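Residue-level listing of the chains:
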Amino acid sequence: MLNQLNPDQRRAVTCGEGPVLILAGAGSGKTRVLTARIAYLVREKGVRSDSIMAVTFTNKAASEIRERLKKMIGPEAGRLRLGTFHSQGLRILREERRRAGLANELTVYNDDDQLTLLRQVIQELGFNDKVVVPKSMLQIINQAKNENVGPEEYRSTASGAQAFIVERTAKVYELYQKRLKEMNCVDFGDLICEPVRLLKRDGRLLAMYQERIRHMLVDEYQDTNRAQYALTSLLSGGTRNIFAVGDPDQSIYGWRGADINNILDFEKDYPDADVLKLEENYRSTKKILSSANSVIENNTKRLDKTLRTQNPDGDKVVFEECETEYDEGRAVLRWIKKLMSLDKGIAYSDVAIFYRTNAQSRVFEEAMMRDGIPYVIVGGTRFYDRAEIRDSLAYMRLMANPNDLLSLTRAVNTPSRGVGPVALEKVRSISIDRGVSLFEALKIASDNGVIRKSGVGQFIAACAGFTRDAALHSLSDRTLRLLEESGYMTMWQGDGSEEAMQRVENIFELISAIKEFEAARASADGRALQEFLDHVALISDLDGIEEKIERITMMTVHSAKGLEFKAVFITGMEEGLFPHSRSVDSVESLEEERRLCYVAMTRARKRLFLLAARSRTVWGAQGWRTRSRFLDEIPNEHIEFIEFDAGKKKGVFQAHETHYTDEGSQITGQGEAVFYDDTDADWRIGMKVSHATFGLGVIKEKTGRGMEAKLLVNFRDVGVKKLAVKYAGLEIVQ
DNA sequence: GTCATTAGACTTTTT
DNA sequence: GTCTAATGAC
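Residues numbered from 1 in each chain as written. Chains lettered and ligands numbered in written order. Predicted model: local features only at pLDDT ≥ 70, side-chain atom pairs only at ≥ 80, totals over all residues. Heavy atoms only, no water.

Participant: So what's going on with the state of the cysteines? Which residues, and what values?
Facilitator: Counting across every chain of the model gives zero disulfides. Left unpaired, Cys185 is separated from the closest cysteine sulfur, that of Cys193, by 16 Å. Take Cys185: its relative accessible area is 4%, and that puts it in the buried class. (Disulfide = S-S within 2.5 Å. Buried < 20%, exposed > 50% of the residue type's maximum accessible area, 1.4 Å probe, protein only.)

Participant: Got a sec to walk through the sheet that holds strand β6 (residues 215-218)? Specific residues and values, please.
Facilitator: Strands in a sheet are paired, the pairing made by backbone hydrogen bonds, and the direction either parallel or antiparallel. The six strands lie next to each other as β3-β2-β6-β7-β1-β8, forming an open sheet whose pairing is parallel. At either end of the open sheet lies a strand with only one pairing partner, and these are β3 (81-84) and β8 (274-278). Each neighbouring strand pair of the sheet contributes to a mean axis angle of 15°, computed without reference to strand direction. Note that strand β1 (residues 20-24) and β8 share five bridges and pair parallel. Counted as the bridge partner of Ala24 is Leu278 from β8. (Pairing = 2+ DSSP bridges. Helix = DSSP H or I, 4+ residues; strand = E, 2+ residues; numbered from the N terminus. Axes fitted to C-alpha atoms, helices over the stretch in contact; angles between N-to-C directions.)

Participant: Account for the protein's contact with DNA strand B, naming residues and giving values.
Facilitator: For DNA strand B, the set of nearby residues contains 24 residues, the closest of which are His86, Arg356, Gly418, His580 and Arg582. Within 4 Å of the protein, the atoms of DNA strand B are drawn from sugar and phosphate moieties in a proportion of 63%. Taking His86, its side chain carries an N or O atom lying 2.9 Å from a base oxygen of DNA strand B. At a separation of 2.9 Å, a phosphate oxygen of DNA strand B approaches a polar side-chain atom of His580. Top contributing element to the surface near DNA strand B by residue count: helix α19 (residues 421-434), with three residues. Its residues placed into classes, the surface near DNA strand B shows seven nonpolar, twelve polar and five charged. (Near = heavy atom within 4 Å. Polar contact = N/O pair within 3.5 Å; in protein donor to acceptor, adjacent residues only side chain to side chain. Nonpolar A, V, L, I, M, F, W, Y, C, P; charged D, E, K, R; others polar.)

Participant: Talk me through the side chain of Gln228; I want residue IDs and the actual numbers.
Facilitator: Along the chain, Gln228 turns up in helix α11 (residues 226-235). On the accessibility criterion, Gln228 (4% relative accessible area) is buried. Excluding residues within four positions of it along the chain, Gln228 makes contact with Phe57, Phe85, His86, Ile192 and Asp223. (Contact = heavy atoms within 4.5 Å.)

Participant: Describe in detail the packing of helix α14 (residues 286-296) against helix α26 (residues 587-601), supporting the description with residues and values.
Facilitator: Taken N-terminus to C-terminus, the directions of α14 and α26 make an angle of 175°; their axes are 9 Å apart at the nearest point. Regarding the angle of α14 to α26, the classification is roughly antiparallel. Residue-level contacts link Ile288, Ser291, Ala292, Asn293, Val295 and Ile296 of α14 to Arg594, Arg595, Cys597, Tyr598 and Met601 of α26. Looking at the contact of α14 with α26, its residues break down into seven nonpolar, two polar and two charged. (Parallel < 35°, antiparallel > 145°, perpendicular 65-115°, else oblique.)

Participant: Lay out the packing of aromatic side chains in plain terms, naming residues and giving numbers.
Facilitator: Enumeration over the complete set of coordinates arrives at 14 aromatic pairs. Arranged with centres 5.6 Å apart and planes meeting at 55°, the rings of Tyr253 and Trp255 form a pair that is tilted. Among the residues examined, Tyr253 registers a relative accessible area of 15% and is labelled buried. A centroid spacing of 4.8 Å and a plane angle of 45° characterise the contact between Trp335 and Phe609, whose relative ring orientation is tilted. With Trp335 in helix α15 (residues 325-342) and Phe609 in strand β16 (residues 604-613), this pair connects stretches of sequence that are 274 residues apart. (Phe/Tyr/Trp six-rings, centres within 6.5 Å; stacked < 30°, edge-to-face > 60°.)

Participant: Break down the pattern of salt bridges for me, citing the residues and quoting the values.
Facilitator: Counted by the stated rule, this structure contains 58 salt bridges. Residue Arg91 pairs with Glu95 through a salt bridge whose shortest N-O separation is 3.5 Å. Placement of both Arg91 and Glu95 in helix α4 (residues 85-99) is noted, with a separation of four residues, approximately one turn of the helix. Assessed through its relative accessible area of 38%, Arg91 is described here as partly exposed. (Salt bridge = Lys/Arg side-chain N within 4 Å of Asp/Glu carboxyl O.)

Participant: I'd like a description of the nonpolar core, backed by residues and values.
Facilitator: Leu393, Leu442, Phe459 and Phe532 are the most contacted members of the largest nonpolar core, which totals 74 residues. Here the element with the most residues in this core is helix α17 (residues 387-400); it accounts for eight residues. Apart from the residues lying within four places of it in its own chain, the contact partners of Phe532 are Leu393, Met396, Leu475, Leu510, Ala513, Ile514 and Phe517. Counting 40 residues, the second-largest nonpolar core is a separate cluster that includes Leu21, Met53, Leu234 and Leu538. (Core = buried A, V, L, I, M, F, W, Y, C linked by side-chain atoms within 4.5 Å.)

Participant: Could you give me a rundown of the pairing of strand β11 (residues 317-322), with the residues and numbers involved?
Facilitator: Burial of β11 is extensive: six of the six residues sit out of reach of the surface. Both faces of β11 are covered, namely the face carrying Val317, Phe319 and Glu321 and the face carrying Val318, Glu320 and Cys322. Strand direction decides the pairing type here: β11 and β16, joined by five bridges, are parallel. For Glu320, the partnering residue across the bridge sits in β16 and is Leu611.

What follows is the structure in structure tokens.
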């Protein structure tokens, strides 16, 4: 096992006890080291595998580590405490509930559920949701939870002019937490915060965990937030055997509360820590790697680290500037075809298209579809986010947790069964008065005529059937029957529209997912429902990528982390998109964008293509673009520019399949030419111009077209001026 | 209470 | 250019 590692990797794997930080550059064998370390501890050091906890950020990473370990240490691998932060947190919460003698009912809310609950809470408190905006509240509460700040502590931050606003937000936060608790629900943030709170409050519980966990290993340490940091340091506090692996250059989740200081300050927190670097890259060609290195070197807040490789030089990085986003799609398509014909060793599954925002995927999807190139889009609208799936899950969640008000509200009134806000309020008060669950209260309300409509009777009967048959039938069968007998399926089967049929199909796909889940479980017992719901709450689409299937992969740059492909296309290399416009006003967020770019570039093994469009339609309006500053950070000797053909600039462009009628409506067809007003192309944001009296300047903003355009120009000597093209007599400076 | 229509927001990234 | 939430008519 150790023979397959290089000296640095071997040193990392075999280092002694105590805190260890491994700074592992992209493609340097990070997962391999983490895996080998666990195997080393179990096999060479005789550490019991159930005393090792290893946390990752994605299920994919966790299962990859588990699979590798199965090969190295056999069935022992199954006893490791290995999983995502969130799954480990949930496990601790469930263990604790069991210990406290509470029911196993616990529902994990995602951000949609959070938002629904927040809207209710804001209304209940009598706030105007135009002033107390649910989305902002969600953001503030999530952020507080990332930083491990509870409602009381949040309230104590109030001071000065902001005090009133903080106080108001604290009220929302407080009631939100109260409602969650009443319903036996937790949100994503709670999965980390709540265990931390429990461990801090209960010294005996903490001692028990610290006794149990002898070794803690953390993957992607640069992406941990304060709460996750607290959790890992608490749990590993007994032995201080914390083995953290990460790369500060790949920290891309600052917006989600990741605190890059957790890794940068590791040596401060653990002065006796061993810090080791892995700087040999096994993935990319020299040209790709040094291009990526020269981009990331522009960041100021870095730990000193330079990746090197013994791989061949490879081909130059290609940068192609296209006219529009549709041309960008065509350019990628053309390159893919070219790659396939040139290199017999390359398969569709070796190719990936990356973009900064999900909205960009559409054009590529259309391009691939037109030419019959098989593809898969990772992320975007998730399967489990579709309305019909969320409905079905609401039925299931209500069965698992009869106090889950949100799921009850959704399920009981989909399809509508005459239970509006008024009836629900009655149900709620029955539940409080008689001390019964919400679902029980619904039954009572239906029996004594508070709710008259017959639909509710059918609903309750179907639910009762689900519970009654628990011992006789599988979860998947019962779920299907629940959806059929309650009248939910009929709701969609009624109309024969394409859309409704798709929805029914999706529901059957959910049923097969349940079947699959049941088959993978060792035993059939009463916990299947709860476990399935936990499973879907904590998975993402990324976990479902099947690598062997012959198709190209399209995804956001964020989802690409941890993956690698022979050929990578990074699209939309434009200012405002990459770096994103919402990230350019602060150095911190700009540097995060640059790290994101670095992550994207280092996914490529053999070929790297960068693309940009000179004009792009955003929010339904076309706008001119300047190319990304990151492109200028790559040395010229590594890059091959395929610039937009300047010869075509004057005159007429051809060969757009989309064109516009006089009324402005869009027609898609072929063979029609589209004429561009070439005077319009003369003025682009970022372009250098010269004025007779003001001198040299750069165009900052533009309204209008061609000679009618009005420009905002930042002159080198005299500052920003507003100019009308018609009168200004500007010249373009090349 | 229900349904259809409209207005508005949204598009940075996700466990 | 798409989806959702709010609104108003019945």
